Each structure stands twice: as C-alpha cells, then as structure tokens.
Amino acid sequence: MTDRYAVFGNPISHSKSPLIHAEFARQTGQELVYEAIEAPMDDFRGAVLAFRDAGGRGANVTVPFKEQAYLLAGERSERADAAGAVNTLTFADGEIWGDNTDGAGLVNDLLNNLDFDPAGQRILLLGAGGAARGVGLPLMEREPAELFVANRTAYKARELSARFDCYGGGFEALEGRRFDLVINATAASLAGDLPPLPEDIFMRGALAYDMMYGRDTPFLAFARAHGARTADGLGMLVEQAAEAFAIWRGVRPQTAPVIAMLRNA
Ligand SMILES: NC(=O)c1ccc[n+]([C@@H]2O[C@H](COP(=O)([O-])OP(=O)(O)OC[C@H]3O[C@@H](n4cnc5c(N)ncnc54)[C@H](OP(=O)(O)O)[C@@H]3O)[C@@H](O)[C@H]2O)c1
C-alpha cells in the first residue's frame with residue numbers, strides 16, 4: 001500500500017502542502033500520497049486518529065489545531081515543547097511523535113535562500129501567537145546578539161520572552177531600538193494592518209521578513225520605504241515542509257526549485 005500523509009486544518013482548501021509534498025516525492029523518487037483534510041472544529045483528535053488507523057504514516061497540522069496536536073502527541077521534540085505547539089506528527093509502532101518544524105523552516109529560509117545568518121544579529125520578533133512561539137528556540141540556537149519579542153498584548157510578549165530567555169514587551173518598548181532582522185509573525189498582515197513600528201527600527205542593510213505570503217503587505221511596504229531588504233514567508237512554508245519530509249522519509253528534498261515553482265504559479 002502506498003504510504004499516506006496529510007495536512008489537517010480548518011479551513012484547508014487553500015493549503016499548498018499537497019503540491020509541495022507531491023513535488024518533493026517526485027524529486028526524491030519516494031512513493032507516497034499526501035492529501036488535505038479539513039478536521040471538524042470540535043473533533044481534530046478523532047479525524048487524526050481515524051487517518052492513522054486507516055494506515056496514515058504522518059501528518060502536518062495547521063491553524064487552528066497546532067496546540068491540540070501538541071496535546072495529542074505522546075512524545076515530543078524539544079523544539080515542540082519550547083513552542084507548546086506541534087505541526088508535524090509521525091505515527092509509528094502505536095506511538096504518536098510530535099515535532100515543530102516551523103522554526104527550522106524559518107532559519108533554513110534565512111540561511112539557504114536569503115543569505116542571512118542570524119548569528120550575532122539583533123533580531124526583533126513581532127507577535128506572540130502560534131507562529132512566533134514556533135520560531136523562538138531555533139532562532140536562539142543560532143546565537144543572535146539579541147532577540148526581542150514585541151506584541152500588541154504586552155504580557156504575552158513578556159511570557160514568551162521568558163520562555164526563550166530573551167527580552168520582550170509591548171510595541172512602545174521598541175522606541176529607540178534598532179534591528180538587523182525584523183520578523184513579522186503577527187496576523188496583522190492578514191487584515192491589511194501594520195504593527196505600530198518606529199520609523200527608525202531598521203539598521204542599515206536590515207532584512208524585513210513577513211511570515212505571510214501570497215501578496216504584498218503593509219509591513220513589507222513600510223520596510224521598503226525605510227530602506228530594508230524584504231522577504232515573504234513562502235520560503236519558510238517550503239522549508240518547514242522539507243524538514244517534515246526529511247523526518248518522515250529520511251531524505252532531504254531540494255527546496256529552491258519548489259519555491260521557484262510556487263512563485264511562478
Ligand atoms: N510562512 C509560514 O510557513 C507560516 C507559518 C505559520 C504562520 N504563518 C503566518 O504567521 C502569521 C501569524 O500566525 P499565527 O498562527 O501566529 O496567528 P495567531 O496565533 O492568531 O497570533 C496572532 C498574533 O498576531 C497579533 N496580531 C493580530 N492582529 C494584529 C494587529 N492588527 N496588529 C498587531 N498585532 C496583531 C496578535 O496579538 P495579540 O496577542 O495582541 O492578539 C498575536 O500575537 C499569519 O499571517 C500566518 O499566515 C506563516
């Protein structure tokens with residue numbers, strides 16, 4: 001029987017993951033199928049267990065189920081524990097193993113596709129939701145000079161920064177601070193909003209990274225207007241998928257051709 005994988009979310013019809021994993025499988029000669037499954041809002045657990053019991057080998061998990069996936073996993077990686085969220089499940093020998101590949105996806109996108117090494121850099125992480133939680137530990141492991149977490153609801157930024165052993169606060173705490181890398185992990189771009197950033201937030205040559213992809217955002221426009229280099233989250237999406245593929249199949253696919261394919265689509 002062909003190995004089965006799936007991404008679970010709600011909604012899920014927009015997901016590019018089936019396309020990405022089909023391309024990885026073609027590229028590496030792996031035989032598998034990967035589908036998108038909309039789990040009911042009130043029964044994520046039931047949907048995943050039914051998939052596993054029908055022979056599923058692994059699953060990705062997206063909004064709004066990453067915290068539930070964390071609870072479903074019997075064992076978890078250190079980076080999943082640090083995030084309190086799981087986006088990659090592996091089913092083997094009756095066990096459910098949970099991992100979080102979002103942070104590795106971001107770091108690999110920075111290193112491999114954007115020529116930006118976080119080591120020794122001053123980094124600002126905007127947001128304290130699921131996306132921000134997933135990237136804190138992998139960023140800290142690169143030993144930046146500084147990681148500062150800023151969020152609209154300040155106490156959440158302080159909570160998260162305590163978890164990552166860095167600094168954090170509300171947006172007003174950004175006054176007078178400047179950064180080499182500013183990562184927008186808020187959902188502001190989804191609503192066409194711009195987090196309230198000081199005009200002089202970017203160091204010379206800084207990179208502005210919006211985790212959202214698929215359209216230009218007020219954050220990226222603000223960054224361009226203030227001389228920063230910009231990147232969207234498409235590379236992170238493909239890199240986190242590659243990390244999951246490597247966990248499941250033991251082979252690492254090439255990401256650059258897949259990113260290019262999605263950009264041209
Ligand atoms: N490229 C990728 O692979 C990838 C992976 C994961 C996520 N993402 C993207 O990352 C973004 C965040 O996702 P998420 O799952 O972390 O969402 P989430 O858990 O709902 O978190 C939302 C965060 O955004 C903040 N926020 C919402 N509206 C805002 C506004 N108008 N101004 C300032 N802050 C605002 C919230 O602040 P409060 O705490 O004050 O409410 C919170 O910190 C989305 O655009 C998502 O598409 C991309």
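Residues numbered from 1 in each chain as written. Predicted model: local features only at pLDDT ≥ 70, side-chain atom pairs only at ≥ 80, totals over all residues. Heavy atoms only, no water.

In the annotation of an unreviewed UniProt entry, the entry for the chain reads Shikimate dehydrogenase (NADP(+)), and the organism field reads Parasulfuritortus cantonensis. The record in UniProt for the chain states the following under Pathway (unreviewed entry): "Metabolic intermediate biosynthesis; chorismate biosynthesis; chorismate from D-erythrose 4-phosphate and phosphoenolpyruvate: step 4/7." The heading Catalytic activity (unreviewed entry) in the UniProt record of the chain holds the text "shikimate + NADP(+) = 3-dehydroshikimate + NADPH + H(+)". (UniProt positions renumbered as here; feature names shortened; annotations may be inferred.)

Asker: Sorry, what's going on with the sheet that holds strand E8 (residues 146-150) here?
Answerer: For sheets, the rule is that strands pair by backbone hydrogen bonds, running either parallel or antiparallel. Taken together, 6 strands build an open sheet; the order of strands is E9-E8-E7-E10-E11-E12 and the sheet is parallel. Each of the sheet's edge strands pairs with one partner strand only, and the pair in question is strand E9 (167-169) and strand E12 (229-231). Neighbour to neighbour, the strand axes of the sheet diverge by 15 degrees on average, direction disregarded. Inspection of the sheet shows E8 paired to E9 by 3 bridges, in the parallel sense. Paired with Phe 148 across the bridge in E9 is Tyr 167. Strands strand E7 (122-126), strand E10 (179-184), strand E11 (202-210) and E12 of the sheet are contacted by helix H8 (residues 218-225), whose axis makes an angle of about 165 degrees with E11. (Pairing = 2+ DSSP bridges. Helix = DSSP H or I, 4+ residues; strand = E, 2+ residues; numbered from the N terminus. Axes fitted to C-alpha atoms, helices over the stretch in contact; angles between N-to-C directions. Contact = heavy atoms within 4.5 Å.)

Asker: Looking at this structure, how should I read helix H1 (residues 17-28)?
Answerer: Each turn of an α-helix holds 3.6 residues, which means side chains three or four residues apart point in the same direction. With 12 residues, H1 should cover 16 Å at 1.5 Å per step; its first-to-last C-alpha distance of 16 Å lies within 8% of that length. By the burial criterion, the buried members of H1 are Ser 17, Pro 18, Ile 20, His 21, Glu 23, Phe 24 and Ala 25. A positive backbone phi angle near 70 degrees is found at Gly 29, which sits one or two residues after H1. (Expected span 1.5 Å × (residues − 1). Buried < 20%, exposed > 50% of the residue type's maximum accessible area, 1.4 Å probe, protein only.)

Asker: Hey, could you run me through the site of the ligand in this one?
Answerer: In the region of the ligand, 22 residues are neighbours, and Ala 131, Asn 151, Arg 152, Thr 153 and Ala 187 sit closest. Between the ligand and the protein, one listed contact pairs an oxygen atom with a side-chain N or O atom of Lys 156 at 3.1 Å. Its free accessible area being 940 Å², the ligand has 78% of it covered by the protein chains. Those elements that provide at least two residues to the shell around the ligand are helix H6 (130-141) and helix H9 (234-249). By residue class, the composition of the shell around the ligand is 11 nonpolar, 7 polar and 4 charged. Built from parts of two domains, the shell around the ligand gets at least three residues from each of domain 1 (3-100 + 236-264) and domain 2 (103-232). (Near = heavy atom within 4 Å. Polar contact = N/O pair within 3.5 Å; in protein donor to acceptor, adjacent residues only side chain to side chain. Areas by Shrake-Rupley, 256 points an atom, 1.4 Å probe, with all protein chains shown as cover. Nonpolar A, V, L, I, M, F, W, Y, C, P; charged D, E, K, R; others polar. Domains from an automatic or database assignment.)

Asker: Help me understand the UniProt feature "active site" (unreviewed entry) in the chain, please; the structure alone is not making it clear to me.
Answerer: UniProt records the feature "active site" (unreviewed entry) at Lys 66, using the numbering of this structure. Checked against the element boundaries, Lys 66 lands in helix H3 (residues 66-72). The residues contacting Lys 66, other than those within four sequence positions of it, are Val 61, Ala 85, Val 86, Asn 87 and Asp 102.

Asker: Looking at this structure, I do not really get the sheet that holds strand E5 (residues 88-92). What am I missing?
Answerer: Read across the sheet, 6 strands follow the order E2-E1-E3-E5-E6-E4 without closing on themselves; strand pairing throughout is mixed. Lying at the two open borders of the sheet, with one neighbouring strand each, are strand E2 (32-38) and strand E4 (75-76). The sheet contact formed by E5 and strand E6 (residues 95-99) spans 5 bridges and is antiparallel. Opposite Thr 88, over in E6, you have Asp 99 as the bridge partner. Here H9 sits on the sheet in contact with strand E1 (3-9), E2, strand E3 (56-61), E5 and E6, set at roughly 10 degrees to E5.

Asker: How should the domain arrangement of the chain be read in this particular structure?
Answerer: By a widely used convention, the size of an interface equals the accessible area lost when the partners come together. Per the domain assignment, the segments making up the chain are domain 1 (3-100 + 236-264) and domain 2 (103-232). Between the C-alpha centres of domain 1 and domain 2 there is a distance of 25 Å. Between domain 1 and domain 2, the contact holds 19 residues from the first and 19 residues from the second. Around 1400 Å² of area is buried between domain 1 and domain 2 when both sides are counted, 52% of it from carbon and sulfur atoms. Three residues, Ala 82, Met 236 and Glu 239, lead the burial of domain 1 against domain 2; their summed loss comes to 41% of the area buried on that side. Linking domain 1 with domain 2 are 2 salt bridges, by the criterion used here. Among the ionic pairs, Asp 232 bridges to Arg 263, the shortest N-O distance being 2.9 Å. Applying the counting criterion to the domain 1 and domain 2 interface returns 7 residue pairs in polar contact (both at pLDDT 80 or more). Counting residues per element, the ones that place at least two in the side of domain 1 that touches domain 2 are helix H4 (78-83), H9 and helix H10 (256-264). When grouped by side-chain class, the residues that make up the side of domain 1 that touches domain 2 number 6 nonpolar, 4 polar and 9 charged. (Buried area = accessible area lost by both parts, 1.4 Å probe. Salt bridge = Lys/Arg side-chain N within 4 Å of Asp/Glu carboxyl O.)

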